[in-house]
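Tertiary structure, described
Chain residues, written in single-letter form:
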Number of protein chains: 2
Amino acid sequence: MSNLEYNNELVQKYSQLSRTINEEFINIHPIQRGGILTPEAFKALIAYGDGYSLCDNCLKGRIDQIENPPVVGFLKDMAKFLNIDNIMVTAAARESKRLVMEVLSKKYPKRKTVLIDSLAHYTTYLAIESNNLKVSEVPNSGNPEFKIEAKDYEKIIKEVRDKENELPLLVVLTHVDYKYGNYNDPKPIGKLCKEFNIPFLLNAAYSGGILPIDCKEYSADFVACSGHKSMAASGPIGILGFNDDFYDDIMVNSKIQGNITSKSFPSKLCTVMGCPPVYGAPLITLMASFPTVVKRTQKEFVDEESKKANYVIDNIKNVKGIEILGKLPKIHPLTNIKTEGFAKVAESHPRKGFFLRDEFKERGIIGLLPGISKEMKFSTYGLTWEQIKYFKKSFIETAKKYNLL
Amino acid sequence: MSNLEYNNELVQKYSQLSRTINEEFINIHPIQRGGILTPEAFKALIAYGDGYSLCDNCLKGRIDQIENPPVVGFLKDMAKFLNIDNIMVTAAARESKRLVMEVLSKKYPKRKTVLIDSLAHYTTYLAIESNNLKVSEVPNSGNPEFKIEAKDYEKIIKEVRDKENELPLLVVLTHVDYKYGNYNDPKPIGKLCKEFNIPFLLNAAYSGGILPIDCKEYSADFVACSGHKSMAASGPIGILGFNDDFYDDIMVNSKIQGNITSKSFPSKLCTVMGCPPVYGAPLITLMASFPTVVKRTQKEFVDEESKKANYVIDNIKNVKGIEILGKLPKIHPLTNIKTEGFAKVAESHPRKGFFLRDEFKERGIIGLLPGISKEMKFSTYGLTWEQIKYFKKSFIETAKKYNLL
């Protein structure tokens with residue numbers, strides 16, 4: 001029997017799962033800003049909260065073939081939105097990357113190296129590792145811009161080819177990186193991949209849903225997006241966009257057969273274990289937020305969000321010991337700054353590295369990494385101008401309090 | 001640029017994602033009954049709707065190490081509840097199974113066959129297929145009971161061993177199957193697996209959260225559960241329980257290193273791509289419902305639910321052409337009946353096979369598979385006695401309407 005007793009203590013333990021900070025605080029954590037639900041998604045979340053709520057009207061046993069609610073139409077609209085031939089949903093963007101590497105490994109069993117930019121997310125590395133592949137990094141320019149140069153891709157491609165007598169399996173470009181929020185133009189790298197005939201994956205986890213994406217223009221064969229990171233979905237849910245060239249590699253129907261029963265499941269996709277795990281809230285909230293996502297990635301809204309990020313930067317850059325990292329001006333609002341002045345304060349502050357987080361929290365701002373005062377990462381995405389000005393004011397006040405301005 | 005225009009049509013298209021049926025109808029679909037949210041989970045869902053909401057206070061970069069909300073404590077409590085050494089959460093139960101086969105394939109590379117009962121869920125087959133393994137089925141007794149006999153496991157284990165000169169990689173038992181809702185006692189099979197020294201996985205997707213589970217008593221090395229199927233979680237979320245013997249196989253830390261940057265991620269789990277995709281609503285709703293799940297798997301509540309299922313069966317079994325499939329009396333309320341009488345009606349009915357679904361829908365009952373009148377699958381789990389009696393009455397009324405009683 002279970003070693004766990006049902007009693008009041010157990011009930012109490014799990015009765016406090018509130019998240020009031022969500023309403024009362026401004027959350028500037030970069031992984032949070034793009035995932036905040038739209039009112040439409042919130043409504044859908046409440047309606048479709050139960051586990052398999054999307055499957056009420058599943059007629060074909062495949063989530064991507066459900067007509068009511070309009071999943072089929074949504075996948076087509078998403079394909080148009082990203083300008084790529086096909087869309088499948090996945091558990092998360094990391095799973096999209098893992099899956100692409102898996103199917104390419106089967107298609108090109110001799111190719112063993114994945115080329116990535118050196119600001120790739122850790123999950124890009126883990127996708128490589130879990131497919132038993134090798135990584136080859138494209139360097140960046142280092143402090144302070146950490147720029148990736150398209151020309152270095154060509155050099156590294158050739159290095160891999162010469163060393164291994166095989167082309168790289170895949171080239172990955174992080175459209176906007178997690179660390180400095182640098183925007184990379186995929187076009188020259190896509191063009192290069194076409195020349196060398198290497199599949200090209202754009203990791204758009206931070207950009208798809210925030211910035212416009214055009215896979216055809218980029219010559220991208222694959223795109224990985226994140227609904228919960230950048231498309232205002234509750235998630236977790238990932239998007240995998242892929243070209244027709246790879247349709248048969250991604251959409252692999254099951255072929256296994258029971259040795260006694262002869263049961264088989266030819267309509268099920270083996271690559272996503274039948275249906276990807278997004279049976280209710282993850283997919284429905286992605287769908288509900290979709291019109292807003294389409295709208296907010298139009299030029300005028302994107303420009304406005306860049307303006308907010310650059311406004312904050314312009315107003316805090318003169319604080320003592322501040323150095324803005326990454327390329328400027330910002331295109332994507334994910335920002336990273338060196339805060340040597342604050343780091344110095346931390347040395348003699350009773351709360352040590354936590355003091356900066358405390359200061360902001362007292363001012364109603366959360367999302368700073370705990371215990372770190374040497375660097376600060378934030379995103380202003382989706383904050384109102386009022387909130388932007390308040391954040392700037394809080395930053396300046398804190399700097400003045402510690403004589404850094 | 002995107003081929004998709006933002007306009008009123010787009011907004012309209014995704015503005016109707018309501019699910020009123022949820023409130024107004026009784027949903028008897030077996031995949032839905034165990035996943036219906038508790039009021040506590042509903043509250044948590046609303047508070048933690050945003051994508052990465054659980055990660056506000058992540059200090060170690062690992063979801064299983066978050067203390068606030070109490071994920072660490074929850075995983076320990078869940079381990080006690082299932083009486084197994086360790087718990088990791090996954091994208092879904094299918095992913096738990098896939099992962100177990102993957103890590104065992106690395107541990108025992110010569111063993112190529114997975115032994116499963118012939119009523120295993122299709123995702124068990126797909127987990128085998130996606131790991132390039134072979135399936136060996138244990139037969140069932142066929143119509144009407146479809147019983148799995150523990151003694152057949154021994155026979156098939158020996159057959160595999162003799163044929164391949166290797167033991168099976170894994171033995172899987174479906175605790176309660178998706179098709180007939182048959183309950184299988186894991187104890188004799190677990191004992192057998194110990195004798196032969198073969199890892200034993202219990203697929204408890206339909207039972208964990210509905211019936212009591214005791215992995216130590218069963219000698220189960222692994223258990224796969226489903227939060228959205230049977231633990232009142234919004235999900236999707238799976239549970240993977242595993243014995244200490246397999247701790248190092250499941251909890252594999254990343255070893256990859258950037259060739260230029262030397263970046264590495266030793267704290268990240270390679271097997272679940274860093275953190276399993278359950279960063280907000282899926283895990284928090286599982287936690288919020290947990291006390292209720294502990295309570296509802298106590299004997300008195302389990303007995304009451306069996307009683308409801310058997311009450312319906314006793315009251316409809318005399319309808320013309322009805323045959324109850326699976327073992328009786330029911331332990332788990334998932335029920336499958338042959339409805340030859342209704343199938344005959346369908347032949348001349350203008351709505352053909354859809355008529356039965358229509359009849360029930362008119363009476364406020366949904367969840368019947370569309371277009372099938374030969375078999376009917378339902379679950380009475382969690383319905384009130386009032387609803388049970390109403391369902392029975394609706395069944396009888398429909399039978400009378402078509403002269404089947």
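Relevant structure appears above.
Thresholds applied
Residues numbered from 1 in each chain as written. Chains lettered and ligands numbered in written order. Predicted model: local features only at pLDDT ≥ 70, side-chain atom pairs only at ≥ 80, totals over all residues. Heavy atoms only, no water. Helix = DSSP H or I, 4+ residues; strand = E, 2+ residues; numbered from the N terminus. Rg over C-alpha atoms; globule rule 2.2 N^0.38 Å. Areas by Shrake-Rupley, 256 points an atom, 1.4 Å probe, with all protein chains shown as cover. Lys, Arg positive; Asp, Glu negative; His and termini not counted. Charge placed at Lys NZ, Arg CZ, Asp CG, Glu CD. Least-squares fit on C-alpha atoms with pLDDT ≥ 70 in both. Buried < 20%, exposed > 50% of the residue type's maximum accessible area, 1.4 Å probe, protein only. Contact = heavy atoms within 4.5 Å. Polar contact = N/O pair within 3.5 Å; in protein donor to acceptor, adjacent residues only side chain to side chain. Pairing = 2+ DSSP bridges. Axes fitted to C-alpha atoms, helices over the stretch in contact; angles between N-to-C directions. Phe/Tyr/Trp six-rings, centres within 6.5 Å; stacked < 30°, edge-to-face > 60°. Lys NZ or Arg CZ within 6 Å of the ring centre and 35° of its normal. Buried area = accessible area lost by both parts, 1.4 Å probe. Salt bridge = Lys/Arg side-chain N within 4 Å of Asp/Glu carboxyl O.

Moving on, we come to the overall build of chain A. A count of helices and strands for chain A gives 17 helices and twelve strands. Against the compact-globule benchmark of 22 Å for 405 residues, chain A has a radius of gyration of 23 Å, which places it among compact chains. The dimensions of chain A, computed from C-alpha atoms along their principal axes, are 75 × 65 × 50 Å. Split by element, the accessible area of chain A, about 15,400 Å² in all, is 50% carbon and sulfur. Distance from the positive charge centre (55 side chains) to the negative charge centre (48 side chains) of chain A: 2 Å.

To continue, consider the relation of the copies chain A and chain B. A rotation about some axis, followed by a shift along it, carries one copy of the chain onto the other. Superposing chain A onto chain B requires a rotation of 180° together with a translation of 0.0 Å along the rotation axis, leaving an RMSD of 0.0 Å. In the structure described here, the two chain copies are related by an operation that fits a two-fold rotation axis.

Next up on the list: helix 7 (residues 122-130) of chain B. Residues spaced three or four apart along an α-helix face the same direction, because each turn holds 3.6 residues. All names here are of chain B. Burial within helix 7 is extensive, with eight of its nine residues counted as buried. Looking at helix 7, one finds that the buried residues are Y122, T123, T124, Y125, L126, A127, I128 and E129. On its buried face, helix 7 is in contact with helix 6 (93-107), strand 3 (113-117), strand 4 (134-138), strand 5 (170-174) and strand 6 (200-203). Phi turns positive one or two residues past the end of helix 7, at N132, with a value near 55°.

Let us look at the side chain of A:S226. Residues and elements named next belong to chain A. Mapping S226 onto the fold places it in strand 7 (residues 222-226). A relative accessible area of 2% means that S226 is categorised as buried. At a separation of 3.5 Å, a polar atom in the side chain of S226 contacts the side chain of H228. Those residues within four positions of S226 in sequence are excluded, and the remaining contacts are A93, A205, M231 and I237.

This part takes up the sheet that holds strand 9 (residues 322-325) of chain A. Residue and element names in this part refer to chain A. Spatially, the three strands line up as an open sheet ordered 9-10-12, and their pairing is antiparallel. One side of each edge strand has no neighbouring strand; the edge strands of this open sheet are strand 9 and strand 12 (375-379). With direction set aside, neighbouring strand axes in the sheet form an average angle of 25°. Note: strand 9 against strand 10 (residues 334-339), four bridges, orientation antiparallel. Within the sheet, the bridge partner assigned to E323 lies in strand 10 and is K338. Each of strand 9, strand 10 and strand 12 is contacted by helix 14 (residues 299-316), which is oriented at about 10° to strand 10, the strand it contacts most.

Looking now at the packing of aromatic side chains. Counting across every chain of the model gives 34 aromatic pairs over all chains. With 5.0 Å between their ring centres and 75° between their planes, B:F355 and B:Y402 make a pair best called edge-to-face. Pair noted here: B:F355 is in helix 16 (residues 355-362) and B:Y402 is in the segment after helix 17 (385-401), with a separation of 47 residues, a long-range link. Taken together, the ring pairs connect A:F342, A:F355, A:F360, A:F378, A:F391, A:F395 and A:Y402 into an aromatic cluster. Across from the ring centre of A:Y108, 4.1 Å away, lies the NZ or CZ of A:R111, which sits over that ring.

Take the interface of chain A and chain B next. With 110 residues of chain A at the contact, the number on the chain B side is 109 residues. Together, the buried faces of chain A and chain B total about 9,100 Å²; carbon and sulfur atoms form 61% of this surface. Area buried by chain A at its contact with chain B is led by A:Y14, A:Y52 and A:M273, which between them contribute 9% of it. A salt bridge links A:K13 to B:D77; its shortest N-O distance comes to 2.6 Å. Applying the counting criterion to the chain A and chain B interface returns 39 residue pairs in polar contact (both at pLDDT 80 or more). Here the element with the most residues in the side of chain A that touches chain B is helix 13 (residues 281-296) of chain A; it accounts for nine residues.

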